[in-house]
Amino acid sequence: MSSSPYPHRQRFDLPHAGSGRPVHRLGVIATVATFGGLLFGYDTGVVNGALEPLSQDFGLTALSEGMVVASLMIGAAFGAVFGGRVADASGRRRTILLLAGIFIIGTLGCVLAPGAEFLIGSRFVLGLAVGGASATVPVYLGEIAPSEKRGSFVTRNELMIVAGQLAAFIINAVIFNVWGHVDSIWRWMLLVALLPAIALLVGMIFQPESPRWLISKGRTEEALAVLKKVRSPERAEAEVAEVTHLASEDAKQSTGGLTDLGTRWVLRLVIIGAGLGFFQQLTGINSVMYYGTQLLTNAGLDSGVAIIGNIANGVFSLAGISLGMFLLNKLPRRVMFLTGYGLIAVFHTLIALTAVVVPPGPGQAWTVLVFLVLFVFSMQGTVGPLTWLMLSEIFPMKIRSFAMGICVFVLWIMNAVVAQFFPPLIEAMGMTATFGMFAGFAVIAFIFLYTLLPETKDKDLAEFEREFKAKYGRK
Amino acid sequence: MSVAVAVTDSPEGRTALESAVAEARALKTGLLLVNLTLHDFADEEIPRDLEVTLINRSGRRDRDPVTAVLDELADHAEVDRLVLGVRSRSRVGKVLLGSVTQRLILRSPVPVLTVRVPESAKRG
């Protein structure tokens, strides 16, 4: 989900990547691997819509509803940390195959769950795969793509994540409105995820290992064989040198660890990074992505209409992300972050006020939906993708892997906290107080970033590091 | 004979480096410079008149700086002195983070020379 995991690299003069067969082969690889992103999106988005029939079936309370949703995020936090380790040790391809297997087992576990406890456990297992995919698929794509296309390959995966959520919303709406009378209809909604999981498993069997990983293990011959499949022959030969260089830089990236946090300016950067992940989730974006349908039902829509209205959230999310990707290269990071959090605070306040000013009923629900999609659009157009980009570029190279691990873990845990406590909060305090609280967090985020966040756009990493160190290095 | 120094990214690290350079000059020996910072040293940071062996940390194997230094000392038998920078630490600081210097002092195979940052340099 970072738009470029490897910025600021030494440039190599390389012959053209080729045309015809190798390009076609790369397209196939990207399509197959991004099923990982699609599954990520579908599995996180499907509860939005499945939750209501599920909740009736198992007689869930607001708290246990939260647990059903949040267990996946807890799994994802661990999956993201350990997925990277496994991918380094046994290869990207084998890790993705393993993850596809876990996706299948987790999905079946959820679909066949006899009770809420079993469902929560299965969602945790599914979360391991989701987190693992979030850490492994972009790396695999970035490593197998030619350097000039790296950014667009990784972007494609990010779009697939949001597209997966949107697909889940649409499929839920169709299933619910056509077969809503069928018992345990939610099981069918979850079952749909089996198809892309099988596609990922079967597809990956025929895809090659990442050449960069092979070279990092000293398997240069095999790496060259892979490169010959996905590049023109001249380019393949030429690229071995580049990839060897990149593999040695990867080794450097995992140098730093806990001890290096003793250096004050490094600690400061890690606190900023963890804050980015923390506040990105406290925007409440995922409370809309997981509980959008329920919010609309609460505000006064029929279930069948609410589940359709919820599709708007998915559409605006996808549109916002597309705009955000475009803006990343245009606006200074600080401006984009501060504008983003400013807009988020405004729309949350408007949602909170709607619940007070407009009387309950369809009128309130539609007004809420308008402000919800505006919030989703401005969040996904700024803070959403920008957070990931920032995390990939603020850390000194030698501690990047460790520092990003901490920040991504914080992000997933906060995702879980929001998912867990949103339904009980809505039940206990109502919509006005809950969204007022989100608005408050957005204001705190604004102040945090305004005071601490350094600008990184158009700066080369070494230059940024020198400046930051000169400013905060002294004890 | 040779002098080794572990340089961290802090005023203590810089003081240790200065003292080690002075020591190596006085003893007319080489200098084994173990870089524990997160950047690679630029040429101008290394004294020209000495025979300097520069070691950079790299990769997960070198994640712990103490092991990195001890490994180098084991590989360079000619080293007979290790220079380290020290500072006083608050109680809270001691609880939160371990001390690289303390672990090195206790585990170094060669005598250790510790130097403190002069008061004047702290403000500079």
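See the structure above.
Note that the coordinates shown come from a computational prediction; the quantities given were computed from them, not determined experimentally.

**Student:** Describe the nonpolar core, listing the residues and the values that go with them.
**Tutor:** Counting 155 residues, the largest nonpolar core has Ala33(A), Leu39(A), Met73(A), Phe103(A), Leu141(A) and Val376(A) as the members making the most contacts within it. It is helix H20 (residues 400-452) of chain A that contributes the most residues to this core, 21 residues altogether. Excluding anything up to four places from it in sequence, Phe103(A) contacts Leu39(A), Leu126(A), Ala129(A), Ala197(A) and Leu200(A). Within the second largest apolar cluster, 23 residues are counted, among which are Ala6(B), Ala24(B), Ala68(B) and Leu82(B).

**Student:** Help me get a handle on the packing of helix H13 (residues 264-282) of chain A against H20(A), residues and values and all.
**Tutor:** Residue and element names in this part refer to chain A. Close contact between H13 and H20 brings their axes to 2 Å; oriented N to C, the two are set at 25 degrees. With respect to H20, the axis of H13 lies roughly parallel. Residue composition of the contact of H13 with H20, grouped by class: 19 nonpolar, 6 polar and no charged.

**Student:** How would you summarise the sheet that holds strand E2 (residues 30-35) of chain B if you had to cite specific residues and measurements?
**Tutor:** All names here are of chain B. Within the open sheet, the 5 strands sit side by side as E3-E2-E1-E4-E5. Their pairing is parallel. Each end of this open sheet is capped by a strand with a single partner; those strands are strand E3 (52-56) and strand E5 (112-116). Pairwise comparison of adjacent strand axes, ignoring direction, gives a mean angle of 20 degrees for this sheet. Pairing of strand E1 (residues 2-7) with strand E4 (residues 79-86), which is carried by 4 bridges, proceeds in the parallel orientation. Across the sheet, the residue bridging to valine 5 is valine 83, located in E4. The strands touched by helix H1 (residues 11-27) are E1, E2, E4 and E5; relative to E1, the strand with the most contacts, the crossing angle is about 170 degrees.

**Student:** So what's going on with the environment of Val100(B)? Which residues, and what values?
**Tutor:** Among the structural elements, Val100(B) can be located in helix H4 (residues 100-107). Spatially, the C-alpha atom of Val100(B) lies 9.0 Å from that of Asp64(B), the residues being 36 residues apart in sequence. If we ignore the near neighbours within four places in the chain, the residues touching Val100(B) are Thr259(A), Thr8(B), Pro65(B) and Val66(B).

**Student:** Lay out the interface of chain A and chain B in plain terms, naming residues and giving numbers.
**Tutor:** Every contact between the two is made by 16 residues of chain A and, on the other side, 15 residues of chain B. The class makeup of the residues in the side of chain A that touches chain B is 4 nonpolar, 7 polar and 5 charged.

Rules of the game
Residues numbered from 1 in each chain as written. Chains lettered and ligands numbered in written order. Predicted model: local features only at pLDDT ≥ 70, side-chain atom pairs only at ≥ 80, totals over all residues. Core = buried A, V, L, I, M, F, W, Y, C linked by C-beta atoms within 7 Å. Buried ≥ 20, exposed ≤ 12 C-beta atoms within 10 Å, placed from the backbone. Helix = DSSP H or I, 4+ residues; strand = E, 2+ residues; numbered from the N terminus. Contact = placed C-beta atoms within 7 Å. Axes fitted to C-alpha atoms, helices over the stretch in contact; angles between N-to-C directions. Parallel < 35°, antiparallel > 145°, perpendicular 65-115°, else oblique. Nonpolar A, V, L, I, M, F, W, Y, C, P; charged D, E, K, R; others polar. Pairing = 2+ DSSP bridges.

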